[in-house]
Amino acid sequence: DQQVKQNSPSLSVQEGRISILNCDYTNSMFDYFLWYKKYPAEGPTFLISISSIKDKNEDGRFTVFLNKSAKHLSLHIVPSQPGDSAVYFCAASAGPSGNTPLVFGKGTRLSVIA
Amino acid sequence: DTGVSQDPRHKITKRGQNVTFRCDPISEHNRLYWYRQTLGQGPEFLTYFQNEAQLEKSRLLSDRFSAERPKGSFSTLEIQRTEQGDSAMYLCASSPEGQRSSGGQFFGPGTRLTVL
């Protein structure tokens, strides 16, 4: 049973436009959420996170939105760049930060077209 | 600091053999995690340590899997009597303890295991 769901396996976006990656979760005990980016032959790289007490966190071109009542979060990348092409994983933790075991979604492959 | 390192990067073995993987975390991180990733899936949590104490091991896939972190620094993951279904990428990650880890866990490059 997937507790963290990324229902779009892939997404293509033109360079300069906005990329929106979505994630849904089912476990109401999740308290902290993270996005990771993964290139081939590398481990996942932390991108941005958000605590359940917030509804938005922004870091440069990356913004994560959390709708706790809908159990939904999204990652916005503006503007999208070709170097953003990678697989993006949504992850959740039942702890108050990112230092407890994470539950990952299956990932969304983002392709940014020049 | 060069980040989390894992050795070997690739391992090919025959069914029934034992394999051991090593992970060296970021030096100041006292938490260390093991995950497994199969094709088309996200990483799946296996076990984790705080210093040398193993905090959770019920998610290890079977009793053929075991992990150690004897001195609270590097860790090893052993799989005994490997099966073809064990073929996967094994990822190690580390993080500081407590509330300081707003930056999440830092992952190594992984060890890709192929069981023939």
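Not measured: the values here are computed from a predicted model. (Residues numbered from 1 in each chain as written. Chains lettered and ligands numbered in written order. Predicted model: local features only at pLDDT ≥ 70, side-chain atom pairs only at ≥ 80, totals over all residues. Heavy atoms only, no water.)

1. Structural notes on the overall build of chain A
- When its secondary structure is counted, chain A shows 0 helices and 11 strands.
- For chain A, whose C-alpha radius of gyration is 13 Å, the value lies close to the compact-globule estimate of 13 Å for 114 residues.
- Counting contacts in chain A only where the partners sit at least 6 residues apart, residues at least 24 apart contribute 55% of the total.
- Taken as a whole, chain A presents about 5,300 Å² of accessible surface, with 49% of it coming from carbon and sulfur.
- Taken as two groups, the 11 positive and 9 negative side-chain charges of chain A have centres that lie 4 Å from each other. (Helix = DSSP H or I, 4+ residues; strand = E, 2+ residues; numbered from the N terminus. Rg over C-alpha atoms; globule rule 2.2 N^0.38 Å. Contact = heavy atoms within 4.5 Å. Areas by Shrake-Rupley, 256 points an atom, 1.4 Å probe, with all protein chains shown as cover. Lys, Arg positive; Asp, Glu negative; His and termini not counted. Charge placed at Lys NZ, Arg CZ, Asp CG, Glu CD.)

2. Regarding the pattern of salt bridges
Residue and element names in this part refer to chain B.
- Per the counting criterion, the structure on display carries 6 salt bridges over all chains.
- A salt bridge links Glu44 to Arg36, with the shortest nitrogen-to-oxygen separation between them at 3.6 Å.
- What makes Glu44 partly exposed here is its relative accessible area of 34%.
- Of the charged contacts in the structure, one is a salt bridge between Glu83 and Arg64, with a shortest N-O distance of 3.4 Å. Here Glu83 is found in the loop between strand S8 (75-79) and strand S9 (88-95), whereas its partner Arg64 is found in the loop between strand S6 (53-56) and strand S7 (65-68), with 19 residues between them in sequence. (Salt bridge = Lys/Arg side-chain N within 4 Å of Asp/Glu carboxyl O. Buried < 20%, exposed > 50% of the residue type's maximum accessible area, 1.4 Å probe, protein only.)

3. Here's the deal with the interface of chain A and chain B
- Each partner contributes to the interface: chain A provides 22 residues, whereas chain B provides 25 residues.
- Buried area between chain A and chain B, both sides added, is near 1,600 Å², and the carbon and sulfur share of it is 53%.
- On the chain A side of the contact with chain B, Asn99, Pro101 and Phe104 of chain A bury the most area, a combined 32% of that side's loss.
- Along the contact surface separating chain A from chain B lie 0 salt bridges.
- Counting across the chain A and chain B interface gives 8 residue pairs in polar contact (both at pLDDT 80 or more).
- Looking at the side of chain A that touches chain B, the elements that each hand over two or more residues are strand S4 (32-38) and strand S5 (45-51) of chain A. (Buried area = accessible area lost by both parts, 1.4 Å probe. Polar contact = N/O pair within 3.5 Å; in protein donor to acceptor, adjacent residues only side chain to side chain.)

4. A few points about the sheet that holds S7 of chain B
Residue and element names in this part refer to chain B.
- The strand order across the open sheet built from 4 strands is S1-S3-S8-S7, with neighbouring strands paired in antiparallel fashion. Both edges of this open sheet fall to strand S1 (5-7) and S7, since each of them pairs with a single strand only. Across the sheet, the mean angle separating the axes of adjacent strands is 15° when strand polarity is ignored.
- Bridge count for S1 against strand S3 (residues 19-24) is 3 bridges, and the pairing is antiparallel. Looking at S3, one finds that Asp7 is bridged to Arg22. (Pairing = 2+ DSSP bridges. Axes fitted to C-alpha atoms, helices over the stretch in contact; angles between N-to-C directions.)

Worth remembering: the numbers are spatial, not functional.
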